[in-house]
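If you want the building blocks of each chain, they are given just below.
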Amino acid sequence: MIVCEQLTKNFRNYEMDPGVLGALKSFFHRRYRDIVAVDDFSLSIERGEFVGLLGPNGAGKTTLMKMFTGVVAPSAGRLEVLGFEPFDRSIAFRKRISLVMGQKSQLWWDIPARTSFELLRRYYEVESSIFEQRLKHLSELLEVEHLLNIHVRKLSLGERMKMELMASLLHEPDIIFLDEPTIGLDLVAQRNIRAFLRDYQREHGTTIILTSHYMADVHELCERVVLILQGQKRFDGTIEDFENLLGTDKFVSVEFKEPVDVTDSIWRPLQPKWNSDRTEVKLLVSDDEMRRTVSEILQTFPVVDFHTGKIPIEHVMETLLARPELVPLGKE
Amino acid sequence: MTSLQREASKWLSTMQIGITNQMAYKINFLLMIIGPALVFFLIKYNLWVSIYSLEGITEIKGYTLEAMIGYQAWVLLVELLAKTSNGRNLAEDIRLGRVTTYLIYPFDFWKFHSASFLGTQVVQCVIFSLTFVIVLFAGLIEPAGVFQFLAGVGFALLVGILWYSVQFFVGMMAFWLEETWMLRVIFQITAAFLSGAIIPLELYPSWLVQVLDFTPFPYMTFYPIKVFQGEYSGSLLEGYLILFFWIFVIMMFARFALRRGMRLYTAAGM
């Protein structure tokens, strides 16, 4: 479905010193800086996969998406999506993909969503009866039947995102690219969008590539994750392997009745993370040590609440961003 | 459905969107569509009435006050058909990174804006017809005949396409410049003077008119008016061909700029 080999993308920006003088200087003498957004990136994605692209801001995730969809041209390397070279931007290619951008609306703001959908039906050359069926089905699933005739600009962010999703699915694309589809949404709206995406993917077997800063999105939806740091691939594997990158230690959260002594020697090997008033701590405990450590804490300190579980994916991500050396280049 | 029919249906649907978009907000619609041409007419009306009220001025190069007001009324009518596109939407789409949408949808940026423009022209034709009736009954103009009227409408509609091509070209500069509004204003003011939209070209020195004949400017306002008035001295066919030539040349430049711009496009902020 998607094959890229040694894909690279460079951008050229110019730098400007602050103030009027800086602006004047840059007017006569421009200092250019080449930025490598994606660096020697190879990846292969099969039909029906749900892949999450992870990485901090500026890591190159969106640039990859732009290259996959043909919005920008790669500077070097080979890229093939559905057997097409995306940057040729052929109509046949465009009819088989869709892109949803959480930060940018693709619908026309001053007209009702239904009118936009009707226009897209013509663009994608979808039979009228099939279109009506899909529209009915999708609007029922997303619970937006009553909003179809309202101007897009008058919809809430969550409602608009549902419409954006509908617009991207009416032609039943083979690949859907989702660039932060839940950004800015409240928790309920995020959950609704996630549930919809999961069900849709199961029903249609569509290939979906997702970028999101919400680890809940990735955790719940993606079977496979690709970690990108500074334009380079640093991890490519199943979500389980990703969660176990820091080892199979358990995550233990303990709440105390009153502030406790943080200097006690029991904490030292457990990588403790304290809250500001020392009444809550998060620890990493190995399976072997679990019984002994927990009983010692319970006996020594005034514990009021206690949780244990796998290391949260947010913690894995935070740790990897702080210590990228844990995922050296070439480790997959 | 043949592929031609499918393509036509895409254009027609986009035209409809263009019309719906334009009429979505009533006040905006009135201000954007009718406002500029009408305000421009009223300013010129007052200007010329003031000039002719000066002592000793009853005629300027064959133009009495009545003829001058008639000329300005024709300018209003021609502009309602010809100067409809302002290129603002184009430049905004580029600056705000909305071009991405047209790279994903299987209907190009150029096609979308061209079809929207044609939709706008349909609305403009209605406004033109209403204004024509009002101006006619107010006694401001004297049409030369049905043939001249139809030839004039055809001429003005072609000028509309020429004006759109120019605006498209200027809009493409948004790929390279942060803001393009100043370019549009410079061009609009230059065109207003050199096309005869403020002062009839008969009032200009003859050498300047001869020079202007090698540019598209006189075809933008002055010659369409002369066609409407039945006073166009050249061959009508030649006039149409010259307009086609300018449309072709400017559109080629615009498409070239679009292609170059698209290569530079980084879809910032996506």
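Rules behind the numbers
- Residues numbered from 1 in each chain as written.
- Chains lettered and ligands numbered in written order.
- Predicted model: local features only at pLDDT ≥ 70, side-chain atom pairs only at ≥ 80, totals over all residues.
- Heavy atoms only, no water.
- Helix = DSSP H or I, 4+ residues; strand = E, 2+ residues; numbered from the N terminus.
- Buried < 20%, exposed > 50% of the residue type's maximum accessible area, 1.4 Å probe, protein only.
- Contact = heavy atoms within 4.5 Å.
- Areas by Shrake-Rupley, 256 points an atom, 1.4 Å probe, with all protein chains shown as cover.
- Rg over C-alpha atoms; globule rule 2.2 N^0.38 Å.
- Salt bridge = Lys/Arg side-chain N within 4 Å of Asp/Glu carboxyl O.
- pLDDT = per-residue confidence, 0-100.
- Pairing = 2+ DSSP bridges.
- Buried area = accessible area lost by both parts, 1.4 Å probe.
- Axes fitted to C-alpha atoms, helices over the stretch in contact; angles between N-to-C directions.
- 1 Å grid on protein atoms, 1.4 Å probe; cavity = no way out; pocket = protein on both sides within 12 Å on 5 of 7 lines; lining within 4 Å.
- Points joined across faces, edges and corners; volume = space filled by probe spheres on them.
- Polar contact = N/O pair within 3.5 Å; in protein donor to acceptor, adjacent residues only side chain to side chain.

A.B. asks: Report on the overall build of chain A, specifying residues and quantitative values.
C.D. replies: Helices and strands together make up the secondary structure of chain A, namely 11 helices and 13 strands. If one aligns the C-alpha atoms of chain A with their principal axes, the spans along those axes are about 70 × 55 × 45 Å. The buried share among the 332 residues of chain A stands at 49%. Restricting to contacts in chain A with at least 6 residues of sequence separation, those with at least 24 account for 71%. With the model as given, the accessible surface of chain A reaches about 16100 Å², and the carbon-plus-sulfur share is 49%.

A.B. asks: Which residues make up the overall build of chain B, and what values do they have?
C.D. replies: For chain B, the helix and strand inventory stands at 11 helices and 2 strands. Taking 2.2 N^0.38 as the reference for a compact globule, 270 residues should give roughly 18 Å; the C-alpha atoms of chain B span a radius of gyration of 20 Å, in line with that estimate. Here the C-alpha coordinates of chain B stretch approximately 65 × 40 × 40 Å along the principal axes. The 270 residues of chain B split such that 50% are buried. Counted over contacts in chain B with a minimum sequence separation of 6, partners at least 24 positions apart contribute 77%.

A.B. asks: Quick one: what's the story with the pattern of salt bridges, residue by residue and with numbers?
C.D. replies: Residues and elements named next belong to chain A. Tallied over the full model, the rule gives 28 salt bridges over all chains. The shortest N-O distance in the salt bridge between Arg114 and Glu132 comes to 2.9 Å. Within this pair, whereas Arg114 is found in helix 4 (residues 113-123), its partner Glu132 is found in helix 5 (residues 128-141), the two being separated by 18 residues in sequence.

A.B. asks: I'd love a proper account of the confidence of the model for chain A, names of residues and values included.
C.D. replies: Averaged over all residues, the pLDDT of chain A equals 86, while 97% of them reach at least 70. Summarising per-element confidence for chain A, the mean pLDDT is lowest in helix 1 (residues 19-28) of chain A (71) and highest in strand 6 (residues 175-179) of chain A (94).

A.B. asks: Quick one: what's the story with the sheet that holds strand 12 (residues 280-285) of chain A, residue by residue and with numbers?
C.D. replies: Strands in a sheet are paired, the pairing made by backbone hydrogen bonds, and the direction either parallel or antiparallel. Residue and element names in this part refer to chain A. In space, the 4 strands of this open sheet follow the order 11-12-10-13, with antiparallel pairing throughout. With partners counted over all chains shown, the strands left at the sheet margins are strand 11 (273-274) and strand 13 (303-310), one partner each. Pairing of strand 11 with strand 12 involves 2 bridges; the strand directions are antiparallel. Note that in strand 12 the partner of Lys273 across the bridge is Lys282.

A.B. asks: Any details on the pairing of strand 10 (residues 250-256) of chain A? Residues and values, ideally.
C.D. replies: Residue and element names in this part refer to chain A. Burial runs high along strand 10: 5 of the 7 residues are buried. Direction of pairing for strand 10 relative to strand 13: antiparallel, over a ladder of 7 bridges. Bridged to Glu255 within strand 13 is Asp305.

A.B. asks: Which residues make up the interface of chain A and chain B, and what values go with them?
C.D. replies: Taken residue by residue, the interface counts 33 residues in chain A and 30 residues in chain B. With both chains or domains summed, chain A and chain B bury close to 3100 Å², and 62% of this area falls on carbon and sulfur atoms. Looking only at chain A, the three residues that lose the most surface to chain B are Arg94, Lys104 and Tyr123 of chain A, adding up to 22% of its buried area. The interface formed by chain A and chain B includes 3 salt bridges. Taking the shortest distance from any N to any O, the salt bridge between Lys10 of chain B and Glu125 of chain A comes out at 2.8 Å. Residue assignment for the side of chain A that touches chain B shows that the elements contributing at least two residues are helix 2 (61-68), helix 3 (91-94), strand 5 (97-101) and helix 4 of chain A. Here the side of chain A that touches chain B gets 5 residues from one element, more than from any other, and that element is helix 4 of chain A.

A.B. asks: Go over the sheet that holds strand 6 of chain A, please, and point to the residues and values.
C.D. replies: All names here are of chain A. Overall, mixed pairing links the 6 strands, which are arranged 5-6-7-3-8-9 in an open sheet. The open sheet is flanked by strand 5 and strand 9 (232-238), the only strands paired with a single partner. Each neighbouring strand pair of the sheet contributes to a mean axis angle of 15 degrees, computed without reference to strand direction.

A.B. asks: So what about empty space enclosed by the protein? Which residues, and what values?
C.D. replies: Residues and elements named next belong to chain A. A complete count under the given rule lists 1 cavity of 30 Å³ or more for this structure. Here the largest cavity is characterised by a volume of approximately 60 Å³. Per-element tally for the lining of the largest cavity: the top contributor is helix 6 (residues 157-169), with 3 residues.

A.B. asks: Please set out the side chain of Gln201 of chain A residue by residue, giving values where relevant.
C.D. replies: Residues and elements named next belong to chain A. Take Gln201: it is sitting in helix 7 (residues 187-204). Using a relative accessible area of 8% as the deciding quantity, one classes Gln201 as buried. Within polar-contact distance, the side chain of Gln201 engages the backbone oxygen of Gly48 at 2.8 Å. In contact with Gln201, not counting residues within four places along its chain, are Gly48, Glu49, Phe50, Thr206, Ile208 and Glu223.

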